[in-house]
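Here are the chains, one letter per residue:
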Amino acid sequence: MPPPSSTAVAAPESAPRGVHDRETMIEARVERWRPDLVGGLSLLYGEERAPALADDLVALARAAYDARSDRLHRRDLERLLRPDWLQDPGLVGYAAYTERFAGDLRGVADRLPYLRELGVGYLHLMPLLRPREGDSDGGYAVADYRAVRPDLGTMDDLEALAEELHDAGVSLVLDLVLNHVAREHEWAEKARAGDPVYRDYFHVFPNRTMPDAYERSLPEVFPDFAPGNFTWDDEVSGWVWTTFNEFQWDVNWSNPAVLTEYAGIILDLANRGVDVLRLDAIAFMWKRLGTDCQGEPEVHAITQVLRAVTRIACPAVAFKAEAIVAPTKLLAYLGAGSYSGKVSDLAYHNSLMVQVWSMLASKDVRLAAHTLSHLPPKPPSATWLTYLRCHDDIGWAIMDEDAWALGVTGPGHRQFLARWYAGDFPGSPARGLVFQHNPATGDMRTSGAAASLVGLESATTPEEVDLAVAALRLAHALVIGWGGIPVIWSGDELGQTNDPHWADEPGHQDDNRWAHRPRLDDDAVAHRHDPATVAGRVFEDVVELVRARASLPHLHGSVETRIGPVDDPGVLVTVREHPVGRFVGVYNVTPEPRPWYDHRLHALGVADAHDAITGAELPWSHGTVVLPPYGVLWLTTPTP
């Protein structure tokens, strides 16, 4: 008992130990994050409505906080004490469709030893919340946010998996589709049944006047099989906004009830143990006439509000923005200006992915060096998610102004890349597929597994196999050595090529992206330690890179990567300055040996360094370091 003069207040004897500590914690979080709630809500719905809406969201967060398990409360505390957990160089990601990786959620737990062997601490399971039956755009047409696909398991299975992942040091990442729901979702069913409350959850127009006005400035996402952005629905007696497919109804975020619904969904998933939510199609959420309806300021206000609610109830949970937009617009999703530190924690580095493939096709680093060196710096608290492939197609996001700066045309280079990776260009070993060719604009995108794109599928001689394996190692090294969280797409770590039977499964025949979504090859998994197999060679390359990365504090996500001088158009140099020293990445993007001259090594202070990946000495020859075909070096200066 404290002395009488103490200001401490004793808890009532009836109160369980820790109750007042928990109340103090939630009150402190409300005080910290309520201003962000009110600020975002004021921009969205007006200053008069904002305080009452904030009260409702705080009540929702309090209820979720009270329902949260002790395990997850401890996780919240651990991450509050270590806010840079997403920036740790030891954190490496893996992304997969549950059924194609392991059959179901219980199978994923059985694969945990495999993931840990690979060094994975961040597991993104592609859409697994219950979608509509039939074509569901790969699971992105969600019919129920509070249920798992029946063939994969139940919500209890998901929660049990999250606990097993957490015990193994792995964070669980799930998709949250924000722009739209399936036509079969309960909200849409009620709208079609005539309920005016739920009709206002969507953008529905009685005639073509407004849709036609919007269409004048809207692009088409899927011009081949889903042209236009509006679909007539007999039951709702109106034109429904459907950006992606006619069965995906865009929700109306100008209605605050929609925001409250999604806040509840986020908190429910967080209390199931989800660590990171990938905010799918985030750029499209707010509609404004006369624009392309992508990345409007209200999008960031919505994210600020949802993040503030989450920070109050479950601060261990992070947001990842799925914003595949122009490089100049991407930084806004990580927090620019008044939104700095208030929106998403992660964003995809789409420019890096595109430039890696561009360098490999052109065997020239100058466009990549120019483009990547002109990107504005990200906020120090935010983190890039880097990747070589993902579930989606590759859109050749080469900015016209960047191409012109290097003396080429944007359309010409984009078409070259699409043709090269389709194997439709002289000398190309790639075996990708053209996706969504738009004859009117000439736009073409690309599907294909990483191994097929570098030439492993077409290789017929040992020399061709060696070059393709080396090119895949180089590409992975660029992604893993950039900083942020590198994410490996399932099968790439084994050199799996395109699935030749991708079109045989029901619902897949019109979407060739399924070619690069193969089931994990159990035979390749079994041979992952056999250096006589492609799977063994590629797996060991990836493990070696991941292991080296974890030993290098220079790759902490808060540090910016800058591009070094281009002395040779076939060699990209990256530089990272960390308090422990300098990191220099050297990448030969060509299939021939290339020299890297001693003056540059001395200028960067790495002339006496060893390769941090292999531990080998520099390959000096007559005053130069000779990089082998697709050679990679990670070099560091001595610690002061």
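Rules of the game
- Residues numbered from 1 in each chain as written.
- Predicted model: local features only at pLDDT ≥ 70, side-chain atom pairs only at ≥ 80, totals over all residues.
- Heavy atoms only, no water.
- pLDDT = per-residue confidence, 0-100.
- Contact = heavy atoms within 4.5 Å.
- Phe/Tyr/Trp six-rings, centres within 6.5 Å; stacked < 30°, edge-to-face > 60°.
- Lys NZ or Arg CZ within 6 Å of the ring centre and 35° of its normal.
- Pairing = 2+ DSSP bridges.
- Helix = DSSP H or I, 4+ residues; strand = E, 2+ residues; numbered from the N terminus.
- Axes fitted to C-alpha atoms, helices over the stretch in contact; angles between N-to-C directions.
- Parallel < 35°, antiparallel > 145°, perpendicular 65-115°, else oblique.
- Left-handed = near helix turned anticlockwise from the far one by under 90°.
- Nonpolar A, V, L, I, M, F, W, Y, C, P; charged D, E, K, R; others polar.
- Salt bridge = Lys/Arg side-chain N within 4 Å of Asp/Glu carboxyl O.

Asks: So what's going on with the confidence of the model for the protein? Which residues, and what values?
Replies: With 96% of its residues at a pLDDT of at least 70, the protein reaches an overall mean of 93. For residues 1-17, every residue scores under 50 in pLDDT, and the model assigns this stretch four contacts once sequence neighbours within four places are set aside.

Asks: So what's going on with the packing of aromatic side chains? Which residues, and what values?
Replies: Evaluation of the coordinates by the stated rule reveals 25 aromatic pairs. An angle of 50° between the planes, with centres 4.7 Å apart, marks the rings of Tyr-198 and Tyr-201 as tilted. Ring pairing ties together the aromatic residues Tyr-145, Trp-187, Tyr-198, Tyr-201, Trp-253 and Tyr-262, which thus form one cluster. Against the face of Trp-85 rests Arg-79, its NZ or CZ located 3.4 Å from the ring centre.

Asks: Explain the sheet that holds strand 22 (residues 620-621) to me, and be specific about the residues and the numbers.
Replies: Sheet architecture is open: three strands sit in the order 21-23-22, paired in antiparallel fashion. Either end of the sheet is taken by a strand with one partner, and the two such strands are strand 21 (594-597) and strand 22. Two elements, strand 21 and strand 23 (residues 624-627), share four bridges in a ladder whose sense is antiparallel. Within strand 23, the position partnered with Trp-596 by the bridge is Val-625.

Asks: Let's hear about the packing of helix 15 (residues 350-362) against helix 16 (residues 366-373): which residues, and what values?
Replies: One way to put it is that helix 15 packs onto helix 16 with a least axis distance of 9 Å and a crossing angle of 165°. For the element pair helix 15 / helix 16, the angle class is roughly antiparallel. In the crossing of helix 15 with helix 16, the sense of the turn from one axis to the other is left-handed. Contacts from Ser-351, Leu-352, Gln-355, Ser-358 and Met-359 in helix 15 reach Leu-367, Ala-368, Thr-371 and Leu-372 in helix 16. Considered class by class, the residues forming the contact of helix 15 with helix 16 number five nonpolar, four polar and no charged.

Asks: How would you explain the pattern of salt bridges if you had to name every residue and give the values?
Replies: Note on pairing: side chains with opposite charge can pair once their charged atoms come close. Enumeration over the complete set of coordinates arrives at 48 salt bridges. A salt bridge links Glu-159 to Arg-272, with the shortest nitrogen-to-oxygen separation between them at 2.8 Å. Placement of Glu-159 in helix 7 (residues 155-167) and of Arg-272 in the loop between helix 11 (256-271) and strand 11 (276-280) is noted, with a sequence separation of 113 residues between them. Connected through shared salt-bridge partners, Arg-100, Asp-499, Glu-505 and Arg-519 make up one network.

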